[in-house]
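Fold and geometry: a report
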Amino acid sequence: MTGRPPELDALIAEYHPGLAMPRGFYTSQAIYDHDIVRVWNRNWLWAGHESQIPEAGDYVLLDYGSESIIIVRDRDGGVRAHLNICRHRGSRICTEAEGTARVFACPYHAWTFELTGELRAGRAMGPDFDPSRWGLFPVRVTLFQGLIFVCCDADTPALEPALAQLTPLTTPYGLDRLKVAHKASYPVPANWKLAVENYLECYHCGPAHQEYSRSHSLKSPKEMAELVGPLAARAAAAGLSSEMLDLTGAAAPTPFTGAYLRRYPLYPGYDTGSRDGAPLAPLLGDLKGYDGGATDMGIGPLNWFLVYSDHLVGYRFLPRDVQQTDIEVVWMVHADAEEGRDYDREALTWLWHVTSQDDERIIRHNQAGVNSAYFQPGPLSEMEGWVGDFYNFYLRMIGPDPEFRKAANG
């Protein structure tokens, strides 16, 4: 665990609510290292979908910062997670992003681990060696309707109280009956917080996202308000609730375990997030039709999803270095859908591919300006309220240990 950066207290004191955060939060290597320890290692992170590991030994990796987590299906059908660190001298064990393994064998000295994490064999370790002491470090797992979440910290509160309130709103989508249609990564030379802030506000959508703005009313709160009423009737006919769930900020069970869901209207003529408004794939779950809406969903403070009637788009903003972040986008469709018959991959991914390319550009330019010695934090607009909420969450995460532990316990 890293120590408390010497500049942290001064940066916190320099921050003023209603303004952007000071420059050092986006440029300091020490602050970045602190972020990994205090924010990423202690929060629930979306790691994938159960459909990606259908059989025993199937695994995927979740990498961020200097950390790597193995998510694997064990021989009893359960989902487990382990730190990707050999207990001998620390080598990475799995070197591919996904695969299938009968056991996990370290490529360095051939220590071998069961899928459950127990050490199976350590060569030539002598008669007094106790394998039971040297299993893989476990990582906590929570499953929600097929979505897999992991957390490295044993003290982080459980997600289940928030998920229980989310369940009736998401059940019609059949999230457990999805499969990954495509994954893409958009590296951006910027601090992870700038990438997250960009996702949390649509103040930039009109100027920066021409394709998105043709179909999504979120870019104009006044226009959106006029379309909400008609959407509610269509949603009910399609089998969806128009209820909003907002377990964020002060309403969150704990700072680690909030949840958010809101359905908002697309513009008339758009059934889904496509180039021309036409359907892209078979309807999800038990839906009876298209209602012309989109669902914003957040689970925990670092995991975001956009759910249309016929596909889901999941977003991750994974830190790689102080000014290097991977925007990872995952498109999911009904488990029975076949590419080439039920959906066209290029058409399915078009909108959020071009939008993510836009985001890479504007976030890159944002970081370049923040790097200037003359940068001064400016005021947030009324359309950037979620950015302010993110700042509140972030500052609680990186605060002193007593404050952190108080937050963790609600």
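The structure this text deals with has already been given above.
The model shown is predicted, which means the values in this text are computed figures rather than measured ones.

Definitions and cut-offs
- In this numbering scheme, every chain counts its residues from 1 along its sequence in written order.
- The predicted origin of the model limits local features to residues at a pLDDT of at least 70 and limits the giving and counting of side-chain atom pairs to 80 or more, whereas totals for whole chains, interfaces and linings rest on all residues.
- In computing side-chain properties, one takes all heavy atoms of the structure into account and sets aside hydrogens as well as water.
- A pair of strands is considered paired only if DSSP assigns at least 2 bridges between the two.
- Secondary structure counts use DSSP, requiring at least four H or I residues in a row for a helix and at least two E residues in a row for a strand, with both numbered from the N terminus.
- Comment: axis = line fitted to C-alpha atoms, over the contacting stretch for helices; angle = value between 0 and 180 degrees taken between N-to-C directions.
- Salt bridge, as applied in this entry: a Lys or Arg side-chain nitrogen positioned within 4 Å of an Asp or Glu carboxyl oxygen.
- Only protein chains enter the calculation, and the probe is 1.4 Å; a residue is then buried if its accessible area is under 20% of its type maximum, exposed if over 50%, and partly exposed in between.
- The term nonpolar core refers to a set of buried residues drawn from Ala, Val, Leu, Ile, Met, Phe, Trp, Tyr and Cys, joined through side-chain atoms within 4.5 Å.
- In this description, contact between two residues means that some pair of their heavy atoms is separated by no more than 4.5 Å.

Ordered in space as β11-β17-β16-β15-β14-β13-β12, the seven strands form an open sheet in which the pairing is antiparallel. Of all the strands in the sheet, the pair left with one neighbour each is β11 (178-188) and β12 (245-247). Averaged over all neighbouring strand pairs, the angle between strand axes comes to 20°, with direction disregarded.

The full count for this structure, using the stated rule, is 19 salt bridges. Across the pair arginine 73 and glutamate 50 runs a salt bridge, and its minimum N-O distance is 3.1 Å. Of this pair, arginine 73 sits in strand β3 (residues 67-73) while glutamate 50 sits in the loop between β1 (45-49) and β2 (58-64); the two residues are 23 residues apart in sequence, bridging distant segments of the chain. Accessibility expressed as a relative area gives 10% for arginine 73, which makes it buried. The residue glutamate 114 makes a salt bridge to arginine 120 at a minimum N-O spacing of 3.8 Å. For glutamate 114, a relative accessible area of 24% corresponds to the partly exposed category. Here the salt bridges do not stand alone but share partners, grouping Arg316, Arg320, Asp326 and Glu328 into one network.

Right, let's get into the nonpolar core. Counting residues in each nonpolar core, the largest one holds 81 residues, and the members touching the most others are Phe25, Ile71, Val150 and Tyr394. A total of eight residues in this core trace back to one element, the largest contributor, which is helix α9 (residues 345-370). Contacts of valine 150, omitting those with residues within four sequence positions, involve Asn43, Trp44, Leu45, Ala47, Leu62, Ile69, Ile71, Ala81, Val139, Arg140 and Val141. Leu147, Leu159, Tyr173 and Leu175 belong to the second-largest nonpolar core, a separate cluster that totals 29 residues.

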